[in-house]
Amino acid sequence: MNNIKKMILSALFLAMGIILPFFTGQIPAIGSRLLPMHIPVLLCGFVCGWQYGFLVGFILPIFRSLLFTMPKMMPTAVAMAFELAAYGAVAGILYARLPKKKVSIYISLLGAMIVGRVVWGIVSIPLYGIAGGRFSSAIFIAGAFTNAVPGIILQIIVIPAVVMALSQTGVLRNGQENGYRMFPNR
């Protein structure tokens, strides 16, 4: 896949990340738990590679905060920028390096989800302090896991299905560019 195509797809994923929260934001109790910005960033890492996943992940929450003031810039959008950048980068790196099997999609996805949450926790400590608050282990557990369960489940269902579908149709080729389908006989 050439760089122009990757840039266009990255712009599409960025646009999806800006738009998707509008669909879930109408129900605040559910909207923030479905993590709608995470899906396009993870897909960008899988489809375009780690560099594009990293950039889209970092830009998306800050850009969305500047446009719509949601999420709140400090500390939320800034912490999310590091978290989503880690999601996109780790998903892209692991997926490119692992053998092209179905289980590799799940390993890449889960690895990205874990690393992203750890990065969010580490970055949140000083950011909450700067914003005049305190980041505790209870906030980390609630934000990274307890409140995020619906989004985690959604990601585990949607991301592999989309990656497999893109591979089946030939849109996503082995590691983004090697020229053959991941599951050629299906």
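Summary of the structure given here.

Reading the values: rules and limits
- Residues numbered from 1 in each chain as written.
- Predicted model: local features only at pLDDT ≥ 70, side-chain atom pairs only at ≥ 80, totals over all residues.
- Heavy atoms only, no water.
- Helix = DSSP H or I, 4+ residues; strand = E, 2+ residues; numbered from the N terminus.
- Rg over C-alpha atoms; globule rule 2.2 N^0.38 Å.
- Contact = heavy atoms within 4.5 Å.
- Areas by Shrake-Rupley, 256 points an atom, 1.4 Å probe, with all protein chains shown as cover.
- Expected span 1.5 Å × (residues − 1).
- Bend = angle between axes of the 7 residues up to and from the residue.
- Buried < 20%, exposed > 50% of the residue type's maximum accessible area, 1.4 Å probe, protein only.
- Phe/Tyr/Trp six-rings, centres within 6.5 Å; stacked < 30°, edge-to-face > 60°.
- Patch = residues over 30% accessible without salt bridge, like charges linked within 9 Å, V, L, I, M, F, W, Y side chains within 5 Å.
- Salt bridge = Lys/Arg side-chain N within 4 Å of Asp/Glu carboxyl O.
- Core = buried A, V, L, I, M, F, W, Y, C linked by side-chain atoms within 4.5 Å.
- Polar contact = N/O pair within 3.5 Å; in protein donor to acceptor, adjacent residues only side chain to side chain.

## Looking at the overall build of the chain
Looking only at helices and strands, one finds 8 helices and 0 strands in the chain. Along the chain, helices and strands appear, N-terminal first, in the series α-α-α-α-α-α-α-α. Against the globule reference of 16 Å for 186 residues, the chain gives a C-alpha radius of gyration of 16 Å, in line with a compact fold. By principal-axis analysis of the C-alpha atoms, the chain measures approximately 55 × 30 × 30 Å. Intrachain contacts of the chain at a sequence separation of at least 6 include 67% that bridge at least 24 residues. Just so you have it, the chain exposes about 9300 Å², and 73% of that area is on carbon and sulfur atoms.

## A few points about helix 4 (residues 50-68)
Think of an α-helix as 3.6 residues a turn; residues three or four steps apart then line up on the same face. The end-to-end C-alpha distance of helix 4, which contains 19 residues, comes to 27 Å, matching closely the 27 Å that a straight helix rising 1.5 Å per residue would cover. When the local axis directions of helix 4 are compared, the greatest deviation, roughly 30°, occurs at Leu60, which is followed within four positions by the proline Pro61. Within the span of helix 4, buried status applies to Tyr52, Gly53, Val56, Gly57, Leu60, Pro61, Arg64 and Ser65. Contact partners of the buried residues in helix 4: helix 1 (3-24), helix 3 (38-48) and helix 5 (73-97). The positive-phi residue at the C-terminal boundary of helix 4 is Thr69, with phi of around 60°.

## Looking at the packing of aromatic side chains
Scanning all chains against the criterion turns up 7 aromatic pairs. With centroids separated by 5.3 Å and ring planes inclined at 85°, the aromatic side chains of Trp120 and Phe135 adopt a geometry described as edge-to-face. Here the residue Trp120 occupies a position in helix 6 (residues 102-130), and Phe135 occupies one in the loop between helix 6 and helix 7 (137-146), the gap between them amounting to 15 residues. Each member of the pair Trp120 and Phe135 is classed as buried.

## Notes on a nonpolar patch on the surface
Side chains of Ile19, Phe22, Phe23, Trp50, Phe54, Leu55, Ile59, Phe63, Leu67, Phe68, Met70 and Ile93 sit close together on the surface and give an oily, nonpolar patch of about 1100 Å² of accessible area. Of all the elements, helix 4 adds the most residues to the nonpolar patch, at 7 residues. Within the secondary structure, Phe22 is located in helix 1.

## Structural notes on the nonpolar core
Grouped together as the largest cluster of nonpolar side chains are 32 residues, with contacts concentrated most on Leu42, Phe46, Tyr87, Ile159 and Val163. At the level of elements, helix 1, helix 3, helix 4, helix 5, helix 6 and helix 8 (149-169) are the ones that each hand at least two residues to this core. With sequence-adjacent residues up to four places away left out, Ile159 is seen in contact with Ile39, Leu42, Leu43, Phe46, Leu109 and Leu154. Counting residues in hydrophobic clusters, the runner-up holds 7 residues, among them Ala79, Trp120, Leu127 and Phe135.

## Here's the deal with the side chain of Ser10
Residue position: Ser10 is located in helix 1. Setting aside residues no more than four positions away along its own chain, Ser10 makes contact with Cys44, Cys48, Tyr52 and Val56.

## Side note on unusual backbone geometry
In this model, Met70 is joined to Pro71 through a cis peptide bond whose omega is 0°. The residue Pro71 is located in the loop between helix 4 and helix 5 in this model. Positive phi outside glycine occurs at Leu35, with the angle close to 50°. Tracing the sequence through the fold places Leu35 in the loop between helix 2 (28-31) and helix 3. A positive phi angle, near 60°, is found at Thr69, a position not held by glycine. Examined against the element boundaries, Thr69 turns out to sit in the loop between helix 4 and helix 5. On the basis of relative accessibility, which here comes to 57%, the residue Thr69 falls in the exposed class.

## A word on helix 1
Along its 22 residues, helix 1 runs 32 Å from first to last C-alpha, staying within 8% of the 32 Å computed at 1.5 Å per residue. Sitting at the amino-terminal end of helix 1 is Asn2, which places a side-chain oxygen 3.2 Å from the backbone nitrogen of Ile4.

Taken by themselves, the reported measurements are silent on function.
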